[in-house]
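# Architecture at a glance
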Amino acid sequence: MAGPTRRRAAPYLMVLPAGLWMLVFFVIPLVLMVSLSLQTGNLVDGFRQTFHWQNYTDGLAAYGDKFARSLWYGLLATLACVALAYPAAYWIATRGGRRKPTYLSLLLVPYFVSFVLRTVAWKLVLTDNGPVLGPLRDRGLLPADAHVLDTGLAVVSGLTYNYLPFMVLPIYVALERIDPRVVEAAHDLYASRFQVFGRVVLPLSLPGVYAGVVMTFVPICSDYVNAEMLGGPRNTMIGNVIQSEYFDNSAYPLASALSFTLMAILLVVIFVYARALGTRDVLEAARR
Amino acid sequence: MTATLVPRRRARRRAASSGRLLHVYTVLLIAWLLLPIAVMILFGFNDTHSRQNYRWEGFTLRWYRHLFDKPDLTTALVNSVTIALLSTAVTTVLGTAAGLALGRHRFRGRGAANLVLLMAICCPEVVMGAALLSMCVTFNLPRGYPTILAAHVMFSIAFVAVTVRARAAGLDPAVEEAAEDLGAGPWTRFRLVTLPMIMPGVVSGALLAFVLSIDDFVITGFTGGATVTFPLWVYGSTRTGMPPQVNVMGTLIFAVGVLVAVVSARRNVLRR
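Now for a quick tour of the structure.

Criteria and thresholds
Residues numbered from 1 in each chain as written. Chains lettered and ligands numbered in written order. Predicted model: local features only at pLDDT ≥ 70, side-chain atom pairs only at ≥ 80, totals over all residues. Helix = DSSP H or I, 4+ residues; strand = E, 2+ residues; numbered from the N terminus. Rg over C-alpha atoms; globule rule 2.2 N^0.38 Å. Contact = placed C-beta atoms within 7 Å. Expected span 1.5 Å × (residues − 1). Bend = angle between axes of the 7 residues up to and from the residue. Core = buried A, V, L, I, M, F, W, Y, C linked by C-beta atoms within 7 Å. Buried ≥ 20, exposed ≤ 12 C-beta atoms within 10 Å, placed from the backbone. Nonpolar A, V, L, I, M, F, W, Y, C, P; charged D, E, K, R; others polar. Axes fitted to C-alpha atoms, helices over the stretch in contact; angles between N-to-C directions. Left-handed = near helix turned anticlockwise from the far one by under 90°.

Helix and strand content of chain B: 11 helices and zero strands. Scanning chain B from its N terminus toward the C terminus, one meets helices and strands in the order α-α-α-α-α-α-α-α-α-α-α. A compact globule built from 272 residues should have a C-alpha radius of gyration of about 19 Å, whereas chain B, at 25 Å, is more than 25% larger. When its C-alpha atoms are laid out on the principal axes, chain B stretches across 75 × 70 × 35 Å. Here the analysis covers contacts within chain B between residues at least 6 apart in sequence; of these, 79% occur between residues at least 24 apart.

Take helix H2 (residues 54–95) of chain A next. Residue and element names in this part refer to chain A. Over its 42 residues, H2 extends 57 Å from the first C-alpha to the last, a length consistent with the 62 Å expected when each residue adds 1.5 Å. At Tyr 63, H2 shows its maximal bend, which comes to roughly 70°. Two residues or fewer past H2, Gly 97 is found with a positive phi of approximately 60°.

On to the nonpolar core. The biggest cluster of nonpolar side chains holds 142 residues, and the ones touching the most others in it are A:Ala89, A:Ile171, B:Ala130 and B:Ala161. Broken down by element, the residue count for this core peaks at 14 residues, all from helix H6 (residues 152–176) of chain A. Not counting residues up to four positions away in its chain, the partners in contact with B:Ala130 are A:Met33, A:Ile242, A:Tyr246, A:Ala255, A:Ser256, A:Ser259 and B:Phe222.

Contacts between the two partners involve 65 residues from chain A, matched on the other side by 65 residues from chain B. Looking at the side of chain A that touches chain B, the elements that each hand over two or more residues are helix H1 (4–36), H2, helix H3 (100–108), helix H4 (115–126), helix H8 (193–221), helix H9 (225–230), helix H10 (238–247) and helix H11 (252–277) of chain A. When residues of the side of chain A that touches chain B are assigned to their parent elements, the largest contribution, 18 residues, is made by H1(A). Of the residues assigned to the side of chain A that touches chain B, the class counts are 54 nonpolar, eight polar and three charged.

Another point: the packing of helix H7 (residues 173–181) of chain B against helix H8 (residues 186–215) of chain B. When two helices pack together, you describe them by how their axes are tilted relative to each other and by the distance separating the axes. All names here are of chain B. Interaxial distance between H7 and H8 falls to 10 Å at its minimum, and their mutual angle equals 145°. Our pair here, H7 against H8, has a crossing hand that is right-handed. Residue-level contacts link Val 175, Glu 176, Ala 179 and Glu 180 of H7 to Arg 189, Val 193 and Thr 194 of H8. Taken together, the residues of the contact of H7 with H8 sort by class into three nonpolar, one polar and three charged.

Listed below in structure tokens is the structure:
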């Protein structure tokens, strides 16, 4: 029944529906976005293709600081994620014992609450009279005018909070894969605990860190919910600009140009990062 | 002999104390992650009378009793749940088929397909949303429920396909060949042999797709038009004052999610 022709066609038939869906709702829209980014016009008269490259230079000139701030916040929050996630991932992977799955699922539990709701709750925690700042201020541990909301610190803390589990998981997976015999061998060869960690465990776990950085940096840089809710009007990121250019100003070509620029910048950053660390490591880590 | 054992024992004791330190740290980190969730659940029981649900004013179950008092909030929740269910169903079928083909067959275009999947996973959400909006603007398509659904299927296909691909790549082809030798046709082979083997990948892919869809804010905002889902409604309400019903719905979604995760984990353990 299943002749050789049919068998050869099978994988194509299996990929076809998903492939068509991705073509129509992902690839073609991206192409149309690039096309829209070169058009001129307005919502009333319509938009026409004029290959208006100035949309790009105008966007960069007007919002270069927002791009820079997004990358800066992205860097800070990603580093904070690495610093916070590594010790916990290390402890769970090496000492978690039978409770490993419990600890891991506790780290993932926040994902059952909507991202927006989590950020609202985080805002509630950080408000001036909230459960954290209120008592500290009442006891005189903080000056009366101290506040966290509407600062860059609040945005970075929110970003770190929201994306931390994405960093813990890949680091945990990398640490978990380390053959315990390698560590034992290092001990047997009289390496000190710091030498074992610095020269055996850490290098073997770096692919997990690389993967975690790729998985968190891109979404953090393009996030705008945290900046909107926690940062107030003075700490907006490029995502906020794109969103308001689309919806408040209906400046579709400019907003498309900004979106494409954001994607291009992030691609270049990731590419340079992958090159600096050795492309194979990062690609392999990302594939896991 | 004893001379070498002593320092090693001391080192081990030191390792144990730093292990305790890390243990405390891990617990604190998890507490930090759970703190906002606890705040959300707590304020669903808050007997507040102002529009702002910020200050604790006493315990009440009023918001649980009047859960569906805000019709537009209820509509948003219904939209979220139905879109998540529908998009998960479509995504699971399309993603499983693609993941299976990519994991087990070598064919022309496989590299390109993998590249598209990687791109879809790495692409910033704002850009995906902007691209879909650009398409709607270009073709004058109305935005609403169908466009949200199409977008949700689009961004979750890659995750299901990758999960199933990983599972399928680890399968022993001999098992299926044996089924074929025993006279099983392609459909029987798939139903009785292949599908049960890749099932854990399919289930975790489907759960992931559901969570991604019900939680999505950015792409839904770009493709929704006048149609509002739960995260969009919550976002809009933060400007005017969020009613405690939102906390209650958040709590209920959270409870169902945890329950499903616990049950499926239990079933996996039992199966092993």
